[in-house]
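# Descriptive analysis of the structure
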Amino acid sequence: MAKVAFIGLGVMGFPMAGHLVKKGSHEVTVFNRNAAKAKAWAEKFGGKTAPTPKAAAEGQDFVMCCVGNDNDLRAVTIGANGAFAGVKKGAVFVDHTSASAEVARELDAEVTKLGFRFVDAPVSGGQAGAENGILTVMCGGSKDAYASAEPVIAAYARMCKLLGPAGSGQLTKMVNQICIAGLVEGLSEGIHFAKKSGLDIQAVIDTISKGAAQSWQMDNRYKAMDEGKYDFGFAVEWMRKDLSNCLAEARRNGASLPVTALVDAFYSEVEKMGGKRWDTCSLLARLER
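Helix and strand counts for the protein chain stand at 13 helices and nine strands. For 289 residues, the compact-globule estimate of 2.2 N^0.38 gives 19 Å, and the C-alpha radius of gyration of the protein chain, at 20 Å, lies within 12% of that figure. Here the analysis covers contacts within the protein chain between residues at least 6 apart in sequence; of these, 68% occur between residues at least 24 apart. Counting only carbon and sulfur atoms, one obtains 54% of the accessible surface of the protein chain, whose full area is about 12900 Å².

Pasting the structure below:
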């Protein structure tokens, strides 16, 4: 059992922090900008709440964080009453935010000066993965920081791996999103083509999902796409934030991402259709306008 703080109780952070109590048996203190949500979490899981990130971090062995973007991350770490002012020497700060590799390296350098350790650890698996405690966690940082954090992360992960130094977790999450973007567009076009051809979608998927076309997206999203039900899952606006990180990093490292850029533009069209909070499989809705 460890003393753990969790900062950020969104659709991912709320259940992740809960698993730290239920599965990990850790002593958990939470902070959320909306204090009512922190109170609701404490009532459900029996942990403690703190009024600021700094207060949440004080005296903890591990501080986990899952917020929206680079700016949110800087605000809760190095901003006024930020967590870094409260983290004790030797502790580990684990960031589960999907952010840029640049901010991960920036924060890693800062914590090194302050005398504790940092792991960038973005996750994949969505809200369902967080709720079921079966996330994939992609980590960057020193070997000793990762070795310390891995048993704690295990409370909500089925796969956790160190990919390299600080920033490597964020870079790997970008690879994940690049791969997903192309897959979802391909699946959307395939289902669109099948409908236009008068085929039975269920029969088509039952057949091709047993071959080389099979994917997680096909298995888990074809039904929602066929029925046009998108009000769930991983939101388009979140995907666009991630793809923006991918494209920005590609400009830095010289990678060519023509399909990723195209799919990002398609998601922009979905947003204009009112789909900012639709699941990413809503690319099909754009084709069916």
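Evaluated as defined, the whole model comprises one cavity of 30 Å³ or more. Together, Ser98, Ala99, Gln170, Lys173, Met174, Asp242 and Asn245 line the largest cavity. Mapped onto the lining of the largest cavity, the elements with two or more residues apiece are α8 (168-196) and α11 (236-253). Looking at the lining of the largest cavity, the element that brings in the most residues is α8, giving three residues. Counted by class, the lining of the largest cavity contains two nonpolar, three polar and two charged residues.

Our focus in this paragraph is the packing of aromatic side chains. Aromatic ring pairs are defined here through the distance separating the ring centres and the angle between the ring planes. On inspection of all chains with the given rule, the structure shows seven aromatic pairs. Aromatic pair Phe93 and Phe118: ring centres 6.1 Å apart, planes at 10 degrees, arrangement stacked. Linking Phe93 in strand β5 (residues 92-95) with Phe118 in strand β6 (residues 117-120), this pair joins segments that are 25 residues apart in sequence. Judged by its relative accessible area of 0%, Phe93 falls in the buried class. Look at Phe118 and you get buried, because its relative accessible area is 2%. Here a set of aromatic residues connected by ring pairs shows up, and it is made of Phe84, Phe93, Phe116 and Phe118. For the cation-ring pair, Arg286 lies above Phe266, with the distance from its terminal atom to the ring centre recorded as 3.6 Å.

This next bit is on the state of the cysteines. Taken as a whole and assessed by the stated rule, the structure comprises zero disulfides. Summary of cysteine pairing: Cys160 is not part of a disulfide, and the nearest cysteine sulfur, belonging to Cys139, is at 3.8 Å. No disulfide involves Cys281; its nearest neighbouring cysteine sulfur is the one of Cys179, lying 18 Å away. The buried category is assigned to Cys281, whose relative accessible area is 0%.

The next subject is the packing of α11 against helix α12 (residues 258-272). Any two packed helices are characterised by how steeply their axes cross, that is the angle between the axes, and by the distance between the axes. Two elements in contact, α11 and α12, have axes whose closest approach is 10 Å; the angle formed by their N-to-C orientations is 150 degrees. Judged on the interaxial angle alone, α12 and α11 are roughly antiparallel. Judged by the twist between their axes, the crossing of α11 over α12 is left-handed. Facing α11, whose interface residues are Val236, Glu237, Met239, Arg240, Leu243 and Leu247, α12 presents Thr260, Ala261, Asp264, Tyr267, Ser268, Val270 and Glu271. For the contact of α11 with α12, the residue count by class is seven nonpolar, two polar and four charged.

So, about the pairing of strand β4 (residues 62-65). A regular strand places its side chains so that they alternate between the two faces of the sheet. Neither face of β4 is exposed, since Phe62 and Met64 on one face and Val63 and Cys65 on the opposite face are all buried. Where strand β1 (residues 3-7) lies against β4, four bridges are found, and the strand directions are parallel. The residue of β4 that forms the bridge with Val4 is Phe62. With helix α4 (residues 70-77) bridging β4 and its parallel neighbour β5, the resulting β-α-β unit is right-handed.

A few words on the pairing of β5. Side chains of β5 alternate between two faces, with Val92 and Val94 and Phe93 and Asp95 buried alike. Note that β4 and β5 share four bridges and pair parallel. Each residue of the ladder has a partner; that of Val63, found in β5, is Phe93. The pairing of β5 with β6 spans four bridges and is parallel. When the sheet's bridge partners are listed, Asp95 is paired in β6 with Asp120.

Right, let's get into the nonpolar core. One recurring pattern in soluble globular proteins: nonpolar side chains tend to sit buried together. Counting residues in each nonpolar core, the largest one holds 37 residues, and the members touching the most others are Phe6, Leu20, Trp41, Met64, Val137, Ile153 and Tyr156. In this view, Val137 contacts His96, Ala121, Pro122, Val123, Ile153, Ala157, Met159, Cys160 and Lys161; residues no more than four positions away in its chain are not counted. Ala5, Val63, Phe93 and Phe116 belong to the second-largest nonpolar core, a separate cluster that totals 23 residues.

As for its position among the elements, Asp95 is in strand β5. In this structure, Asp95 is buried with no salt-bridge partner, the nearest side chain bearing the opposite charge being Lys241 at 9.2 Å. At 2.8 Å, the side chain of Asp95 and the side chain of Thr97 are in polar contact. Apart from residues no more than four positions distant in its own chain, Asp95 is found in contact with Cys65, Leu73, Phe118, Val119, Asp120, Ala121, Pro122 and Gln170.

Thresholds applied
Residues numbered from 1 in each chain as written. Predicted model: local features only at pLDDT ≥ 70, side-chain atom pairs only at ≥ 80, totals over all residues. Heavy atoms only, no water. Helix = DSSP H or I, 4+ residues; strand = E, 2+ residues; numbered from the N terminus. Rg over C-alpha atoms; globule rule 2.2 N^0.38 Å. Contact = heavy atoms within 4.5 Å. Areas by Shrake-Rupley, 256 points an atom, 1.4 Å probe, with all protein chains shown as cover. 1 Å grid on protein atoms, 1.4 Å probe; cavity = no way out; pocket = protein on both sides within 12 Å on 5 of 7 lines; lining within 4 Å. Points joined across faces, edges and corners; volume = space filled by probe spheres on them. Nonpolar A, V, L, I, M, F, W, Y, C, P; charged D, E, K, R; others polar. Phe/Tyr/Trp six-rings, centres within 6.5 Å; stacked < 30°, edge-to-face > 60°. Buried < 20%, exposed > 50% of the residue type's maximum accessible area, 1.4 Å probe, protein only. Lys NZ or Arg CZ within 6 Å of the ring centre and 35° of its normal. Disulfide = S-S within 2.5 Å. Axes fitted to C-alpha atoms, helices over the stretch in contact; angles between N-to-C directions. Parallel < 35°, antiparallel > 145°, perpendicular 65-115°, else oblique. Left-handed = near helix turned anticlockwise from the far one by under 90°. Pairing = 2+ DSSP bridges. Right-handed = clockwise from strand over helix to strand, strands pointing away. Core = buried A, V, L, I, M, F, W, Y, C linked by side-chain atoms within 4.5 Å. Lys, Arg positive; Asp, Glu negative; His and termini not counted. Salt bridge = Lys/Arg side-chain N within 4 Å of Asp/Glu carboxyl O. Polar contact = N/O pair within 3.5 Å; in protein donor to acceptor, adjacent residues only side chain to side chain.

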